[in-house]
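A look at the structure
Take a look at the letters that make up each chain.
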Amino acid sequence: MNDASFPALARLGTFVAEAALALDDSAQAQLRAAVADCLGCILAGVQMPVSAKARAAVRAMGIGGGVAVLGTGQRTAPAQAAFLNATAGHALDFDDWEAPGNTHPTVVMLPALLACAAPGMTGADLIAPYLAGFEVIARLGEALNLEHYGAGWHATATLGTLGATAAVARLMRLDARHSAHAMALAISRAAGYTCQFGSNAKPLQAGFAAQAAVECAYLAAAGAEGQLHALDHPRGFAALTGGADPRRLRDALDRLGQPLALSEHGIALKPWPNCSYTHRLMTALVGLRDGLRPESVTRIDLHLPDVHAAILPFHQPRDHGEALFSLPFACAMALVHGDLTLADTARDAWTDPQIVTLISRTHVHPFRPRRPELNFDPEEPDRAVVTLDDGQILTSTCTYPLGAPQNPLAPHRIRAKLASNIAPRPAGLADMLLDWPEAPDLLGLIDKIADPA
């Protein structure tokens, strides 16, 4: 099964179905926090307009079923529940991310897994499926990025579709062949574009990925098949979406489970509800603001990799969707307030006169990184330069943003974010959600957040 001539999907299918998946203590803590954090992001996102539109569309199609659409009281069929929960979870861009795949992994995998959870499952039953899906996302990310993302593919919707399908296949206990065919079918559904960012389509693309994962796993379980060379064929997914070097793909697959990708790469939790590519510079500016009077700032210069800057096209945002991908807005908030909260975005903080003034004084300088294959190169940090009215120049750099595995959020801040996102539910529920691996009845736990607060 380790022969390099063996189709890549067959190798992945064998790993997904058969690998023994056990976590070290550090990765266990990260996974525990990521799942709970994602549940909080779903509950916070259900009131966003895109979530309401998606629910209205599903209701209009007359699709019934018994799977909970969290925080709404609505129930629908598994694929549609996965779609709606993932869309809500990504509506605020507050959910986790990982570096090699350049995806938001939990928001596509968790809704798909919950949609397929059977009565009697425990919280611990989610662990191996999640790890299998994360492995697929991260290893394919190693093989394809950053060419894949830089070409304009929304990796959450492409690599995430394959990873979420792998996770569901493991949950459904599909064998190696059926798991491989589930991913082969998922390749035909794996699509999404970064040019859609700033619109409803961005969170909907995460929803489409979760929905496709459920449907492709069920199709494979029923015997539907794809071409097992669809990943590594000269005209297959890797070649068409990333121009991948076959050796990179083979090398990435050779690392399956050695160690587990979650242990190797970790997962990042967001401190702020906007695109993570703003977070290095926000982290730098938060550390620069002590004693600084915002009205004394005459110029802000922001330096970041060109592939990151390309995802942040909005200078002065006009609405919430654009604000999520506005580097000048994010950095003005970091400099003035040292923070960016959901309350800030709800009150259209990008229209505050002080923020508008700082945005107008901000200049973005993309640079071509020396090692473009790295998402965050520690040798080329983001750099913020602030010029004051007395001629003083302040400079700060950041290699790893707050929330990254190398600069993690403190446990009390993870819990505080979760408690805020699930409010006005009882604060004790946050602890129950953080303890999900010990839950003897997973669906019983989920039922506690199925209805509106």
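Residues numbered from 1 in each chain as written. Predicted model: local features only at pLDDT ≥ 70, side-chain atom pairs only at ≥ 80, totals over all residues. Heavy atoms only, no water.

Right, let's talk about helix α6 (residues 127-144) for a bit. Between the first and last C-alpha of α6 there are 26 Å, a value that for 18 residues agrees with the 26 Å anticipated at 1.5 Å per step. The element α6 is largely enclosed, with a buried count of 18 among its 18 residues. (Helix = DSSP H or I, 4+ residues; strand = E, 2+ residues; numbered from the N terminus. Expected span 1.5 Å × (residues − 1). Buried < 20%, exposed > 50% of the residue type's maximum accessible area, 1.4 Å probe, protein only.)

Let us look at the packing of aromatic side chains. A full pass over the atoms with the stated rule returns eight aromatic pairs. Each residue in the set Trp97, Tyr149, Tyr277 and Phe376 is aromatic and connected to the rest through ring pairs, giving one cluster. In this arrangement the basic side chain of Lys202 is found over the ring face of Phe197, its NZ or CZ atom lying 4.7 Å from the centre. Of note, Lys417 hangs over the ring of Phe94, and the distance from its end group to the ring centre comes to 4.0 Å. (Phe/Tyr/Trp six-rings, centres within 6.5 Å; stacked < 30°, edge-to-face > 60°. Lys NZ or Arg CZ within 6 Å of the ring centre and 35° of its normal.)

We now examine empty space enclosed by the protein. With a probe scaled to a water molecule rolled over the atoms, the places where space remains empty come into view. Under the definition given, this model contains four cavities of 30 Å³ or more. Roughly 150 Å³ of internal volume is contained in the largest cavity. Its residues placed into classes, the lining of the largest cavity shows seven nonpolar, seven polar and four charged. In this structure, the second largest cavity encloses a volume near 60 Å³. Looking at the second largest cavity, it is lined by 13 residues, and the ones nearest its centre are Pro305, Pro369, Leu374, Asn375 and Asp377. When grouped by side-chain class, the residues that make up the lining of the second largest cavity number seven nonpolar, two polar and four charged. (1 Å grid on protein atoms, 1.4 Å probe; cavity = no way out; pocket = protein on both sides within 12 Å on 5 of 7 lines; lining within 4 Å. Points joined across faces, edges and corners; volume = space filled by probe spheres on them. Nonpolar A, V, L, I, M, F, W, Y, C, P; charged D, E, K, R; others polar.)

Inspection of the secondary structure assignment puts Glu380 in the loop between β4 (362-367) and β5 (382-388). Here Arg370 takes part through its backbone nitrogen, which lies 2.8 Å from a polar atom of the side chain of Glu380. The contact partners of Glu380, leaving out residues within four places of it in the chain, are Arg280, Phe367, Pro369, Arg370 and Arg371. (Polar contact = N/O pair within 3.5 Å; in protein donor to acceptor, adjacent residues only side chain to side chain. Contact = heavy atoms within 4.5 Å.)

Bringing the packing of helix α3 (residues 49-60) against helix α4 (residues 78-90) into the picture now. Contact geometry of α3 with α4 gives a least axis separation of 9 Å together with a crossing angle of 165°. Here α3 lies roughly antiparallel to α4, going by the angle between them. Crossing handedness for the pair α3 and α4: right-handed. Judged by residue contacts, Val50, Ser51, Ala54, Arg55 and Val58 of α3 engage Gln80, Phe83, Leu84, Thr87 and Ala88 from α4. Broken down by class, the residue content of the contact of α3 with α4 amounts to six nonpolar, three polar and one charged. (Axes fitted to C-alpha atoms, helices over the stretch in contact; angles between N-to-C directions. Parallel < 35°, antiparallel > 145°, perpendicular 65-115°, else oblique. Left-handed = near helix turned anticlockwise from the far one by under 90°.)

With that out of the way, let us pick up the UniProt feature "domain: MmgE/PrpD C-terminal" (unreviewed entry) in the chain. Mapped onto this structure's residue numbering, the UniProt feature "domain: MmgE/PrpD C-terminal" (unreviewed entry) falls at residues 272-425. Overall, residues 272-425 shows 34% helix and 18% strand. The separation of its end C-alpha atoms is 21 Å. (UniProt positions renumbered as here; feature names shortened; annotations may be inferred.)

Below, the discussion takes up the sheet that holds strand β3 (residues 297-305). Where strands meet in a sheet, backbone hydrogen bonds hold them as pairs that are either parallel or antiparallel. Spatial ordering of the open sheet is given by β4-β3-β5-β6, a layout of four strands whose pairing is mixed. A single partner strand is all that each edge strand has here, and the edge strands are β4 and β6 (393-398). Averaged over all pairs of adjacent strands, the angle between strand axes in this sheet comes to 15°, irrespective of strand direction. Across six bridges, the pairing between β3 and β5 is antiparallel. Residue pairing across strands places Asp301 opposite Val385, the latter belonging to β5. (Pairing = 2+ DSSP bridges.)

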